[in-house]
Amino acid sequence: MTTMMNTMNTMNTTLPNAVPNLDPAIESIRAKVLAGQRLTLEDGAVLYETRDIWSVIELAKLVRDRMHPGVAYYNINRHLNYTNVCALSCKFCEFARKQGDEGAYTRDLDYIKEQGHKALESGATEMHIVGGLNPYLPFAYYTEMLSALREIVPQVHLKAFTAVELVHLARIAKVYKRDDTKVGVRWVLERLKEAGLGSLPGGGAEVFDERVHKEAFKSKIGAHEWLDVHLVAHELGLNTNCTMLYGHVDKQDERLRHMEILRRSQDQALHRLGYTGDGDGYIAQGIVESEQISAPVITLSGEGATLPVARLAEPGLHDVPVKSNKDPGSASRATEETNQTAGGYYQTITPLPFFPDGSDLENLPGPTGLENLRTLAITRLMLDNFPHVKAFWIMQSLPMAQVMLEAGADDIDGTVVWYDITKAVGKGTHQETTELDLKRAIEEAGYTPIERDTLYRPVVRSGRDWRVEG
Ligand code: V47
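Residues numbered from 1 in each chain as written. Predicted model: local features only at pLDDT ≥ 70, side-chain atom pairs only at ≥ 80, totals over all residues. Heavy atoms only, no water.

**As for the overall build of the protein chain**
A count of helical and extended segments in the protein chain gives 16 helices and 16 strands. In the protein chain, once contacts between residues fewer than 6 apart in sequence are set aside, the share between residues at least 24 apart is 74%. Carbon and sulfur atoms form 53% of the exposed surface of the protein chain, whose accessible area is close to 19900 Å². (Helix = DSSP H or I, 4+ residues; strand = E, 2+ residues; numbered from the N terminus. Contact = heavy atoms within 4.5 Å. Areas by Shrake-Rupley, 256 points an atom, 1.4 Å probe, with all protein chains shown as cover.)

Written out as structure tokens, the structure is:
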């Protein structure tokens, strides 16, 4: 017996440590996360550098569960890419074609209406509509597209046009002002909203950094213009999303800076809606040295924080007051006094891992599975004022999207159907999953699936008929 114990002791000392990666550097970050405090860029760097990736994931799950206890969202949607003809030549993009190239297309109004009918038949709550910067389409094409869909599918939310498309629209409508993007974009957005636009998707943000911009998407709008477009949308009461396309020529510190810029932009949006923060706001630098953002820090990831309430999508019905997470009275006052609306903030961030295939950066490997999980978890932890983090299964696969629910994501987008911008390995552009698959993935991950509309309001459904709860 003694001999056996001795043998076991010897074996124990030669076994690898059962938890080899625990990193004490994470402990101060853990304390901040538990207290609902904002993490710094230095904290973010630690989270990127540590070998203890499971602690990073565990912390992100803690925050995700605190914000959305027991549930995960999904939606029934349809993506529509109306043209792939694009004046730009971004290096990471395999979607764009020049007019006359093989495979170049521009959908006419009949095609678009047909997509509307299909959305209706499938019971979709959202159409996600984006395309290239097609220099041959007039401004009227866009308003007619929205008006036609509004007529066919009045209930379906039209989430359409990324920031760069909206700047392009200002150019073709000849209202673009080089020294103030906001003026032309406001003109465009007012008309699109009138025609039926419900919110903006988050594409085209890429990574907000001059070097990355120059190297990978030089002719596209930069951070300033992207943020200006979203600012105007917020001022008009439209909710928007945002993305981070990472894993190409970007570095980790540039991703962190991207996150910092987004959360400061969200501080501004929430402050405008009456969120008061905890009073210890810091004056952060904007994108350029001379610019300062003076909104207070507003976090939504702490215990008991109130997420902004969704509002009705129809034009003119944007007047549901939000509640402040710190001072419930202040938001209602702001709403009454300044006629602010509850719409007008970033709803969700979708981290997009770079897909090299077919792009000019095909020589790059693209991010690995662990890099994807780590970046997602850090996104959840850094973007403490973003209500949602989305797993876009098209770019991750559904099995990976399911794992992402354990690492910070609370939402899986969506049934999709056709998607042309990237193709998951071995797939064509027909990329569809069923509601059943989404629900099964969510339930197996231990969450209750909640079907949501674009504004994250729970949907009550009977077959293809649906209504928003409440
Ligand atoms: O804007 C382009 C990116 C975006 C590649 O807001 C690429 O709810 C990876 O924005 N590899 C489109 N990404 C997707 C997008 C999106 C998706 C789902 C939901 C939402 C939302 C937004 O895809 C583009 C661009 O940033 N992209 N090429 C590529 N090779």
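Next comes the rest of the account.
**Details of the state of the cysteines**
Tallied over the entire structure, the rule returns zero disulfides. Free cysteine Cys90: the closest other cysteine sulfur is in Cys93, separated by 6.2 Å. Given the relative accessible area of 9%, Cys90 is considered buried. (Disulfide = S-S within 2.5 Å. Buried < 20%, exposed > 50% of the residue type's maximum accessible area, 1.4 Å probe, protein only.)

**A word on the environment of Arg211**
With respect to the helices, strands and loops of the structure, Arg211 is situated in helix H9 (residues 210–216). On the basis of relative accessible area, Arg211 is assigned to the partly exposed category, the value being 27%. Discounting chain neighbours no more than four positions away, the residues touching Arg211 are Val249, Asp250, Lys251 and Glu254. At a separation of 2.8 Å, a polar atom in the side chain of Arg211 contacts the side chain of Glu254. (Polar contact = N/O pair within 3.5 Å; in protein donor to acceptor, adjacent residues only side chain to side chain.)

**What about the packing of aromatic side chains?**
Aromatic ring pairs are described here by two measures, namely the spacing of the ring centres and the angle between the planes. Counted according to the given criterion, the structure contains 11 aromatic pairs. With centroids separated by 5.9 Å and ring planes inclined at 65 degrees, the aromatic side chains of Phe92 and Phe217 adopt a geometry described as edge-to-face. Taken together, the residues span a long stretch of sequence, with Phe92 in the loop between strand E2 (77–81) and helix H5 (109–121) and Phe217 in the loop between H9 and helix H10 (223–235) at a distance of 125 residues. For the residue pair Phe92 and Phe217, the accessibility class agrees, reading buried in each case. Relative to Phe386, the ring of Tyr346 lies with its centre 5.4 Å away and its plane at 20 degrees, an arrangement referred to as stacked. On the criterion of sequence distance, the pair formed by Tyr346 in strand E9 (residues 346–353) and Phe386 in the loop between helix H13 (369–382) and strand E10 (388–392) is long-range, its members being 40 residues apart. The residues Tyr346 and Phe386 share a single accessibility class, namely buried. Here the aromatic residues Tyr82, Tyr141, Tyr142 and Phe161 are joined through ring pairs into a cluster of three or more. Its guanidinium or amino end placed over the ring of Tyr105, Arg107 lies 3.9 Å from that ring's centre, counting from NZ or CZ. Over the ring of Tyr111 we find Arg107; its NZ or CZ atom is 4.4 Å from the centre of that ring. (Phe/Tyr/Trp six-rings, centres within 6.5 Å; stacked < 30°, edge-to-face > 60°. Lys NZ or Arg CZ within 6 Å of the ring centre and 35° of its normal.)

**Some points on the sheet that holds strand E5 (residues 197–200)**
Across the sheet, which stays open at both edges, the 10 strands sit in the order E2-E3-E4-E5-E6-E9-E10-E11-E1-E14 with parallel pairing between neighbours. Since the sheet does not close on itself, it has two edges, and those belong to E2 and strand E14 (448–451), each with one partner. Between one strand and the next, the sheet's axes are offset by a mean angle of 30 degrees, whatever the strand orientation. Those strands touched by helix H6 (residues 139–152) are strand E3 (126–130), strand E4 (157–160) and E5, and its axis lies near 160 degrees from that of E4. (Pairing = 2+ DSSP bridges. Axes fitted to C-alpha atoms, helices over the stretch in contact; angles between N-to-C directions.)

**Section: the site of the ligand**
Neighbouring the ligand are 22 residues, the closest being Phe92, Lys159, Gly202, Glu206 and Lys390. A distance of 2.7 Å separates an oxygen atom of the ligand from a polar atom in the backbone of Gly202. Contact between the ligand and Phe355: a nitrogen atom at 2.9 Å from a main-chain N or O atom of the residue. Expressed as a share of its isolated accessible area of 610 Å², the protein-covered part of the ligand is 96%. Of all the secondary-structure elements, those providing two or more residues to the shell around the ligand are strand E6 (239–246), E9 and E10. When grouped by side-chain class, the residues that make up the shell around the ligand number 11 nonpolar, seven polar and four charged. (Near = heavy atom within 4 Å. Nonpolar A, V, L, I, M, F, W, Y, C, P; charged D, E, K, R; others polar.)

**Some remarks on the pattern of salt bridges**
All told, the structure shown has 24 salt bridges when counted by the stated rule. For Glu114, the salt bridge is made with Lys118, and the minimal N-O distance between the two is 3.4 Å. Taken together, the residues Glu114 and Lys118, both in helix H5 and four residues apart, mark about one turn of the helix. Overall, Glu114 belongs to the partly exposed group, its relative accessible area being 38%. Looking at Lys118, the relative accessible area reads 32%, which means it is partly exposed. Its salt-bridge partner being Lys159, residue Glu126 comes within 3.4 Å of it at the nearest N-O pair. With Glu126 in strand E3 and Lys159 in strand E4, this residue pair connects regions lying 33 residues apart in the sequence. With respect to class, Glu126 is no different from Lys159; both count as buried. Through salt bridges with shared partners, a single ionic network connects Arg38, Arg264, Asp267 and Asp384. (Salt bridge = Lys/Arg side-chain N within 4 Å of Asp/Glu carboxyl O.)

**Re empty space enclosed by the protein**
In the structure shown here, the tally under the stated rule is two cavities of 30 Å³ or more. The computed volume of the second largest cavity comes to approximately 60 Å³. What lines the second largest cavity is Lys32, Val33, Gly36, Gln37, Arg38, Leu39, Val63, Arg66, Ser301, Leu381 and Asp384. In the lining of the second largest cavity, the residues fall into four nonpolar, three polar and four charged. (1 Å grid on protein atoms, 1.4 Å probe; cavity = no way out; pocket = protein on both sides within 12 Å on 5 of 7 lines; lining within 4 Å. Points joined across faces, edges and corners; volume = space filled by probe spheres on them.)

**Considering the packing of H5 against H6**
At a minimum axis distance of 9 Å, the contact between H5 and H6 shows a crossing angle of 30 degrees. Helix-helix and strand crossings are classified by hand; for H5 and H6 the assignment is right-handed. Along its contact with H5, which presents Leu109, Ile112, Lys113, Gly116, His117 and Leu120, the element H6 presents Tyr141, Glu144, Met145, Ala148, Leu149 and Ile152. Of the residues that constitute the contact of H5 with H6, the class distribution is eight nonpolar, two polar and two charged. (Left-handed = near helix turned anticlockwise from the far one by under 90°.)

**Thoughts on the environment of Val63**
By the secondary structure assignment, Val63 is in helix H4 (residues 53–67). Taking the C-alpha atoms as reference points, Val63 and Leu34, separated by 29 residues in sequence, lie 8.4 Å from one another.

**What about the confidence of the model for the protein chain?**
Summary statistics for the protein chain give a mean pLDDT of 86 and a share of 81% for residues scoring 70 or more. Note that residues 1–12 has pLDDT below 50 and, in this model, zero contacts with residues that lie over four places away or in other chains. (pLDDT = per-residue confidence, 0-100.)

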